[in-house]
Amino acid sequence: MEAVAKLNNNPTSTRKMRLLADLIRGLDVEKALNILKFHPKHPSVPLEKLLVSAIANWKVKNEGARVEDANLIVKTIMVDGGRTLKRMRPAPQGRGYRIRKRSNHVTIVVDGKNA
């Protein structure tokens, strides 16, 4: 039985988060956690927490089953664009440059390999 975890409005651009999502898509859960734990990019911390949350959701759904026996994998991971905060930065000659502070939504689905 699969379990889902969602992260909404994470203040990182979608492009940066997708680089990490592509690394762990389809991998074993333990291997994905190790990759995220030691990856230098800053979005790896919230993505690691989200993966741990998805594993905990799987444990709640499958009481009595062990994670090691289930061979959990990252079945799907989707990164979608979230809201964009628009800010102004002062520019020469009285103008203003627009700063777009992007965010994203991440959805992880974890399932057993034999399911």
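Note that residues are indexed from 1 along each chain, following the sequence as it is written. Whole-chain, interface and lining totals are the exception, using all residues; otherwise, since this is a predicted model, local features are given only for residues with pLDDT of at least 70 and side-chain atom pairs are given and counted only at 80 or more. Only hydrogens and water are set aside when side-chain values are computed; all heavy atoms of the structure are taken into account.

Naming follows an unreviewed UniProt entry, where the protein chain appears as Large ribosomal subunit protein uL22 of Chitinophaga dinghuensis. UniProt positions are given in the numbering used here, feature names are shortened, and annotations may be inferred rather than shown by experiment. In its Subunit (unreviewed entry) section, UniProt records this for the protein chain: "Part of the 50S ribosomal subunit."

J.: What exactly am I supposed to notice about the overall build of the protein chain here?
T.: Runs of E in the DSSP output that reach at least two residues are strands. Runs of H or I that reach at least four are helices, and both are numbered from the N terminus. Each helix and strand counted, the protein chain has four helices and three strands in total. Secondary structure elements of the protein chain occur, N-terminal to C-terminal, as β-α-α-α-α-β-β. Relative to its length of 115 residues, the protein chain is extended, with a C-alpha radius of gyration of 18 Å against a globular reference of 13 Å. If you line up the protein chain on its principal axes, its C-alpha atoms span 65 × 25 × 15 Å. The globule rule used for comparison is 2.2 Å times the number of residues to the exponent 0.38, while the radius of gyration itself is calculated over C-alpha atoms.

J.: Got a minute to help me understand the environment of Asn57 in this structure?
T.: Mapped onto the elements of the fold, Asn57 is located in helix α3 (residues 44–61). Take Asn57: its relative accessible area is 30%, and that puts it in the partly exposed class. Separated by eleven residues in sequence, Asn57 and Glu68 have C-alpha atoms that sit 15 Å apart. Not counting residues within four places of it along the chain, the set of residues in contact with Asn57 comprises Ala3, Val4 and Ala5. The classification of residues rests on relative accessible area computed with a 1.4 Å probe and restricted to protein chains. Under 20% of the type maximum is buried, over 50% is exposed, and intermediate values are partly exposed. The contact criterion used throughout is that any non-hydrogen atoms of two residues lie within 4.5 Å.

J.: Any chance you could explain the side chain of Asp111 here in plain terms?
T.: Looking at the element boundaries, Asp111 is found in strand β3 (residues 96–112). Residue contacts for Asp111: discarding those within four places in its chain leaves Met1, Glu2, Asn71, Leu72, Ile73 and Lys75.

J.: Any chance you could explain unusual backbone geometry here in plain terms?
T.: For residues besides glycine, phi is generally negative; the peptide bonds are generally trans as well. Even without glycine at this site, Asn9 takes up a positive phi of about 55 degrees. For Asn9, the location among the structural elements is in strand β1 (residues 3–10). Residue Asn71 is not a glycine yet carries a positive backbone phi of 55 degrees. Relative to the assigned elements, Asn71 resides in the loop between α4 (67–70) and β2 (72–90).

J.: Whenever I open this one, the nonpolar core confuses me. Can you help?
T.: Within soluble globular proteins, side chains that are nonpolar generally end up buried alongside one another. To qualify as a nonpolar core, a set must consist of buried Ala, Val, Leu, Ile, Met, Phe, Trp, Tyr and Cys residues joined through side-chain atoms within 4.5 Å. Ranked by internal contacts, the top residues of the largest apolar core, which has 26 residues, are Leu47, Leu51, Leu72, Ile77, Val106, Ile108 and Val110. Elements that contribute at least two residues to this core include exactly β1, α1 (14–24), α2 (29–37), α3, α4, β2 and β3. At six residues, the largest contribution of residues to this core is made by α3. When residues no more than four places from it in sequence are discounted, the contact partners of Leu51 are Val29, Ala32, Leu33, Leu36, Val74, Ile108 and Val110.

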